[in-house]
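Structure assessment
Chain residues, written in single-letter form:
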Amino acid sequence: MNTERMLLADSVSRLFADLEAGISARNDDSALKACWSEVDKLGLLQTLVSESVGGFGGSWLDAFEVFYRLGQFAVPLPVGEQVLARYLLGVADIDFLSGQVALGLCENVYLEKNIVSGAWNFTGNVHAKYWGNEPRFLLVAVSGLEGQCFVLLSASQATGICDEPNLAGEMCSNLQFFLAPVLELRFVEDACVLLHNAGALLRTAQIAGALEAILGLCVDHVQQREQFGKPIGTFQAIQHQLALLAEEAAAVKCAAQSAFRAASIGEAGFEVAAAKLRANRAITPATSIAHQVHGAIGFTMEHSLHRFTQRLWSWRSDFGNDRYWAEQLGKLVLMQGAEHLWSNLIQRGDNTNG
Amino acid sequence: MYEFKFDPVEMHPCTAQLRTEVREFLRVELAQMLPQDRAKTWFGFSADFSRKFGARGWIGMTWPKKYGGQERSALERYVIVEELLAAGAPVAAHWMADRQTGELLLRYGSDNAKNRFLPAIARGELYFCVGLSEPVAGSDLAAIRTSAVRVSGGWQVNGSKIWTSGAPHSHMMSTLLRTSGSISSRHAGLSQLIIDLSSPGVTVRPITDQTGDRHFAEVFFTDVFVPDDMLLGNEGEGWQQVNAELSLERSGPERYLSCYRLIEEFVRAAGPQASLPVVTLVGEIISEMWTLRQMSTSVTGQLSSGGTPALEAIIVKDLGSTFEQSLPPRIQAVLGAEMPPSQTVPLHAVLNYLLNASPSFSLRGGTREILRGMIARGLELR
Ligand SMILES: Cc1cc2nc3c(=O)[nH]c(=O)nc-3n(C[C@H](O)[C@H](O)[C@H](O)COP(=O)(O)OP(=O)(O)OC[C@H]3O[C@@H](n4cnc5c(N)ncnc54)[C@H](O)[C@@H]3O)c2cc1C
C-alpha cells in the first residue's frame, strides 16, 4: 500500500470508530447527522472524483480502503452509494454541484423525448438508499431503445414515496415518477453494467469488512465467556467453528481486494462476478457460526453482533444475489468453452497492464 | 486481533513467456494422455517425463546454478507448477524433491549431500520421498518411534514408516526419526536423516489404495547404516526443521487443483446450452477457484518477498482441500438427462476416479482437524 493510501485508511478507521461510538451511545437522527457531516468534512464522498473538479482523485484501490471500513464498522449511512454516484456522474460527464445524490435502481422505466423541446421525461420506479431530508438527487442507469444512459432525477419530482428500510433498519425508499422532467441525461455505453458492477464492488468490500469484524467479536467473546469452568474458546468444537469463520473472512477479503485491483486496471466484469458471488456465499456459514458461538446474548438488540449480521443478510441480495452472479459467471465460462477455461482464468489473475 | 493479508501479487511480465514455453512443452508431451490419467495430477508417475522436464531446467529452478538450478523466482516456479497440475502432467517422480526436499538440502544438507543429490534431482533422475508418518504416529507426529543410534561413522536406524508417497519408486527418503531421548520426550531429540532406500536392511512394501494405485508404501528399517554426512541440519532440531519445511508448502496450487481435470471435463460436457443448475454450479466453482488462486499466489508472493503469512498459508490449504474435495459430489449431483453417459465418457471416468481419490485430499499433509487447530492457535484461542 502506498503512503497516501495508508493515511487514508488510517483516518477512515479513526473516523468510523468515533462515529460507531457516537452512534451506539445515541442512536438517533442527531447522531447520524453529526456523523454525516464528519464524513463530508473529510471529503470521503469525493474519493473517486477526479482532482480536476475538486475531488480526491482516488483509484478503486483507495475506494476499497473506504468501503471495507464501512463494513468493518457497520456505518449506518449510504456513504459508499454516494461515493459511487459521484463517480458515475463523472463518468457520465454530468456537472454536479452539491447536495446528496443517491444511487438508484429502477424498474418499469419509460423514457420519453418531447419532440418539440427535445427534453426527456422519466416514468418508472426507483429504489434508492439515502439519508436525511435535504433536497435529494437520484442517479439511475436506464437501458432504452436508443441505448443505455445515466439519468439524474430530482426526488422532489416523485409522485409517491414509500419507505422500505432494509433488514438492518437502514433507510431505503421506493420512489414513483410519472413523466418527470429529467435534470440530465447522458448516453454511455454499458451504463447499466457500470452502475451494477460498481454497486457489487461496494457490497463485496463491505461484506469483507463485516466478516472481519464479526470474527473479531467472536474471538473476543469466546475468550471471555466461561462455561464448565473455562472459556468456551478452549473447546475444540468452538475452535474449529472459528477456524471456518476465519477461512471465509480471509477468502472474501482476498476476493474483494483482487476485484478492486482488477477494476483499477480495466474492465473487471469477471472479477466482480466472481468476488461478489464468493462474498455472498460466505454469509450463511459465517453468520451462522457467529450467532451460534455467541449464544443468547448475540440475539439481542443490546449486543452489536446483529448490526453486522443483519447488514450481511441484506447486502447479499443487493447488486446481484448468488443465483444472479452464478448464472452470469457460468454463462461466460461456458460460452468461452473448456479449451479456454484455464488460460482465461490465468489471464484474469495475471493481468499486469497498468 | 489478527489481520489477514492478501495483497494481490504482481506477476512479472517474464512469467508470461515462461508460461507459453511450458504450455507448448506440455501440449506436445502429453498429447496422447487420457483425461482419467491426467486426473491423477501429482500422483501420476513417469520417469521419462521427469527426465525431459528436468532437461528443460524446470526442476529445482529456484536453486543456485552450481547445484543445477536456474536461480529463478518463487513466482516463476509457481507458474510452472500450476501449469503442470492444470495439464495433469505425471509429476510424481520429481514432485517431493522439487517442492520441499531440495529446499531442505540447500538449507541443512552437508556439502556432500548437496553436490550428490541436487544436480541429479534437477536433471529429473533422482527421486525423494518424505518419511514422517508411522503406524502409531499420524496426526501426533511427535510420537514417532523409528530411531537412530550412533555407530562408528554414522547412524544405525531401526523402525518403520508408513503412507510414504512415492516410496516404491524413490531412491532416497528424508526421514524424521529419534536420535536421543525416549518416546515421552516428544519433540526433543528428533532429527532428519537422508536414507538411501537401496541400503541393506531397507524393505519397501507398497500399499494398494482404494483407487487401485500403489503410490504409497510401508518402509521397514532393520539395522540400516546411514553415514554421518546424511544428517540434515543439527541433531535434535528435526522437529523445527520439519515444521518449517511443511509450512512452506501449504499454500501451493496443488492445494486446490486436484480436481481441475474434472472442472474442465464438466465444462466441456456441459457446453454453452447447459441447463440452469449446471450453469450456476459452473459459476460457483469458478468463483471459488479464482478466489483460491488469488489467495495462493498472494501467499507465494509474500513468502518470496520475505513475509510470513503463516496463518494465510494454512487457510489456503484447508479451504483449498475442502473445495477440491467438494467437487466430485457437487458435479455428480447435477449431471442430468442432457448429459447422457454415452456422450460424457471422459467426464464419467474422471469423476469416478476423483470420487474415489477425494477422501485423501483432507488427510495428506496434515488432516483438516489438525489444520483447523493451527488456525485456532493463530487466532490465539489455544
Ligand atoms: C494419499 C496420502 C499420502 C500420504 N503421503 C504421506 C507421505 O508422503 N509421508 C508421510 O509421512 N505421510 C503421508 N501420509 C500420511 C498423512 O500425513 C496422515 O494420514 C495424516 O497425518 C493423518 O494421520 P493418520 O492417517 O494416522 O490419522 P489419525 O492421526 O489417526 O487421525 C484420524 C482422525 O482423527 C483426527 N484427529 C487426530 N488427532 C486429533 C486431534 N488432536 N483433534 C481432533 N481430531 C484429531 C484426524 O484429524 C483424523 O480425522 C499420506 C496420507 C495419504 C492419505
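Keep in mind that this is a model prediction, so the values were computed, not measured.

Quoted interface sizes are often the accessible area lost when the parts come together. Contacts between the two partners involve 53 residues from chain B and, on the opposite side, 52 residues from chain A. Here chain B meets chain A over a buried area of about 4700 Å², counting both sides, of which 69% is carbon and sulfur. The largest contributions to the chain B side of the interface with chain A come from B:Phe4, B:Trp290 and B:Leu381, which together make up 16% of the buried area. On the surface where chain B and chain A come into contact, there are 5 salt bridges. The salt bridge involving A:Lys253 is made with B:Glu3; its shortest N-O contact spans 3.7 Å. Our count for the contact surface shared by chain B and chain A stands at 14 residue pairs in polar contact (both at pLDDT 80 or more). The element contributing the most residues to the side of chain B that touches chain A is helix 9 (residues 276-304) of chain B, with 15 residues. Its residues placed into classes, the side of chain B that touches chain A shows 28 nonpolar, 7 polar and 18 charged.

Residue and element names in this part refer to chain B. Scanning all chains against the criterion turns up 6 cavities of 30 Å³ or more. Looking at the largest cavity, its volume works out to about 100 Å³. Forming the walls of the largest cavity are Trp42, Phe43, Ala92, Trp95, Met96, Phe128, Ser165, Gly166, His169, Ser170 and His215. Per-element accounting of the lining of the largest cavity gives the leading share, 3 residues, to helix 5 (residues 92-108). Of the residues contributing to the lining of the largest cavity, the split by class is 6 nonpolar, 5 polar and no charged. Each of domain 1 (15-126) and domain 2 (130-238) contributes no fewer than three residues to the lining of the largest cavity.

Another point: the environment of B:Phe266. Residues and elements named next belong to chain B. Residue placement: Phe266 occurs in helix 8 (residues 260-270). Separated by 247 residues in sequence, Phe266 and Arg19 have C-alpha atoms that sit 24 Å apart. Not counting the four nearest positions on each side in its chain, Phe266 is found in contact with Val278, Leu281, Val282, Ile285, Ile331, Val334, Leu335, Met339 and Leu347.

Residue and element names in this part refer to chain B. Of the two faces of strand 1 (residues 128-131), both are covered, the one formed by Phe128 and Val130 as well as the one formed by Cys129 and Gly131. Taken together, the 4 bridges between strand 1 and strand 4 (residues 172-178) define a ladder with parallel strand orientation. Note that in strand 4 the partner of Gly131 across the bridge is Thr175.

Here we take up the pattern of salt bridges. Applying the stated criterion across every chain, the model contains 46 salt bridges over all chains. In this structure, the salt-bridge partner of A:Arg5 is A:Asp62, at a minimum N-O distance of 2.9 Å. Here the residue A:Arg5 occupies a position in helix 1 (residues 3-25), and A:Asp62 occupies one in helix 3 (residues 60-72), the gap between them amounting to 57 residues. On the basis of relative accessibility, which here comes to 13%, the residue A:Arg5 falls in the buried class. Owing to a relative accessible area of 9%, A:Asp62 belongs among the buried residues under this scheme. A salt bridge links B:Arg330 to B:Glu284; the nearest nitrogen and oxygen atoms lie 3.5 Å apart. Taken together, the residues span a long stretch of sequence, with B:Arg330 in helix 10 (residues 310-334) and B:Glu284 in helix 9 at a distance of 46 residues. Residues participating in the shared-partner salt-bridge network are A:Glu81, A:Lys129, A:Glu170, A:Arg203, A:Arg311 and A:Asp318.

The next point concerns the nonpolar core. By size, the foremost hydrophobic cluster in this structure holds 221 residues, and its most contacted members are A:Phe16, A:Trp60, A:Phe67, A:Leu242, B:Phe117, B:Ile121 and B:Met295. No other element matches helix 5 (residues 191-224) of chain A, which puts 17 residues into this core. Membership of the second largest hydrophobic core comes to 20 residues, among which are A:Ala102, A:Val126, A:Ala155 and A:Val182.

Take the site of the ligand next. Residues and elements named next belong to chain B. Near the ligand, the surroundings consist of 17 residues, among which Ser133, Ser139, Trp163, Thr367 and Glu369 are the closest. Take Trp163: an N or O atom from its main chain is 3.0 Å from a nitrogen atom of the ligand. One nitrogen or oxygen atom from the side chain of Glu369 is found 2.7 Å from an oxygen atom belonging to the ligand. The element best represented in the shell around the ligand is strand 3 (residues 154-165), accounting for 3 residues. Here the shell around the ligand is built from residues that sort into 6 nonpolar, 9 polar and 2 charged. A domain split of the shell around the ligand shows at least three residues from each of domain 2 (130-238) and domain 3 (251-378).

Take the sheet that holds strand 5 (residues 160-163) of chain A next. All names here are of chain A. Strand order in the open sheet formed by 7 strands is 5-6-2-1-3-4-7, with mixed pairing between adjacent strands. The outermost strands of the open sheet, each flanked by one partner alone, are strand 5 and strand 7 (184-187). Across the sheet, the mean angle separating the axes of adjacent strands is 20 degrees when strand polarity is ignored. Both strand 3 (residues 136-144) and strand 4 (residues 147-154) contribute to a ladder of 8 bridges, which runs antiparallel. Among the inter-strand pairings, Gly144 is bridged to a residue of strand 4, identified as Gly147. In the packing of helix 4 (residues 79-91) onto the sheet, contacts are made with strand 1 (100-113), strand 2 (120-129), strand 3 and strand 4, and the angle to strand 1 comes to roughly 55 degrees.

In this section: the packing of aromatic side chains. Considering all chains together, one arrives at 21 aromatic pairs over all chains under this definition. Measuring from centroid to centroid gives 6.2 Å for A:Phe228 and A:Phe235, while their planes differ by 85 degrees, and the two rings are edge-to-face. Centroid distance B:Phe117 to B:Phe128: 5.5 Å. Interplanar angle 85 degrees. Geometry classified as edge-to-face. Taken together, the residues B:Phe117 in helix 6 (residues 111-122) and B:Phe128 in strand 1 connect sequence positions 11 residues apart. Given the relative accessible area of 2%, B:Phe117 is considered buried.

The next thing to look at is helix 2 (residues 29-41) of chain A. Residues and elements named next belong to chain A. With 13 residues, helix 2 extends 18 Å between its outermost C-alpha atoms, agreeing within 8% with the 18 Å of an ideal straight helix rising 1.5 Å per residue. Within the span of helix 2, buried status applies to Ala31, Leu32, Cys35, Trp36 and Val39. Taken end-on, helix 2 shows its buried residues confined to a sector of 135 degrees, consistent with a single buried face. Structural note: helix 2 exposes Lys33 and Lys41 on the side pointing more than 90 degrees away from its buried face.

Let us look at the domain arrangement of chain A. Residues and elements named next belong to chain A. Here the domain parsing of chain A yields domain 1 (1-90), domain 2 (93-187) and domain 3 (191-352). When each unit is reduced to the centre of its C-alpha atoms, the spacing between domain 1 and domain 3 is 21 Å. On the side of domain 3, 25 residues touch domain 1, which itself brings 18 residues to the contact. Of the roughly 1800 Å² buried at the junction of domain 1 and domain 3 (both faces included), carbon and sulfur atoms supply 73%. Of all residues in domain 1, Trp60, Phe64 and Tyr68 bury the most surface against domain 3, accounting for 34% of the area lost on that side. There are 2 salt bridges connecting domain 1 and domain 3. Across the pair Glu81 and Arg203 runs a salt bridge whose closest N-O atoms are separated by 2.8 Å. Remark: the boundary between domain 1 and domain 3 carries 4 residue pairs in polar contact (both at pLDDT 80 or more). When the residues that make up the side of domain 1 that touches domain 3 are grouped by side-chain class, the tally is 13 nonpolar, 3 polar and 2 charged.

Rules used in this analysis
Residues numbered from 1 in each chain as written. Chains lettered and ligands numbered in written order. Predicted model: local features only at pLDDT ≥ 70, side-chain atom pairs only at ≥ 80, totals over all residues. Heavy atoms only, no water. Contact = heavy atoms within 4.5 Å. Buried area = accessible area lost by both parts, 1.4 Å probe. Salt bridge = Lys/Arg side-chain N within 4 Å of Asp/Glu carboxyl O. Polar contact = N/O pair within 3.5 Å; in protein donor to acceptor, adjacent residues only side chain to side chain. Helix = DSSP H or I, 4+ residues; strand = E, 2+ residues; numbered from the N terminus. Nonpolar A, V, L, I, M, F, W, Y, C, P; charged D, E, K, R; others polar. 1 Å grid on protein atoms, 1.4 Å probe; cavity = no way out; pocket = protein on both sides within 12 Å on 5 of 7 lines; lining within 4 Å. Points joined across faces, edges and corners; volume = space filled by probe spheres on them. Domains from an automatic or database assignment. Buried < 20%, exposed > 50% of the residue type's maximum accessible area, 1.4 Å probe, protein only. Pairing = 2+ DSSP bridges. Core = buried A, V, L, I, M, F, W, Y, C linked by side-chain atoms within 4.5 Å. Near = heavy atom within 4 Å. Axes fitted to C-alpha atoms, helices over the stretch in contact; angles between N-to-C directions. Phe/Tyr/Trp six-rings, centres within 6.5 Å; stacked < 30°, edge-to-face > 60°. Expected span 1.5 Å × (residues − 1). Arc of directions from axis to C-beta.

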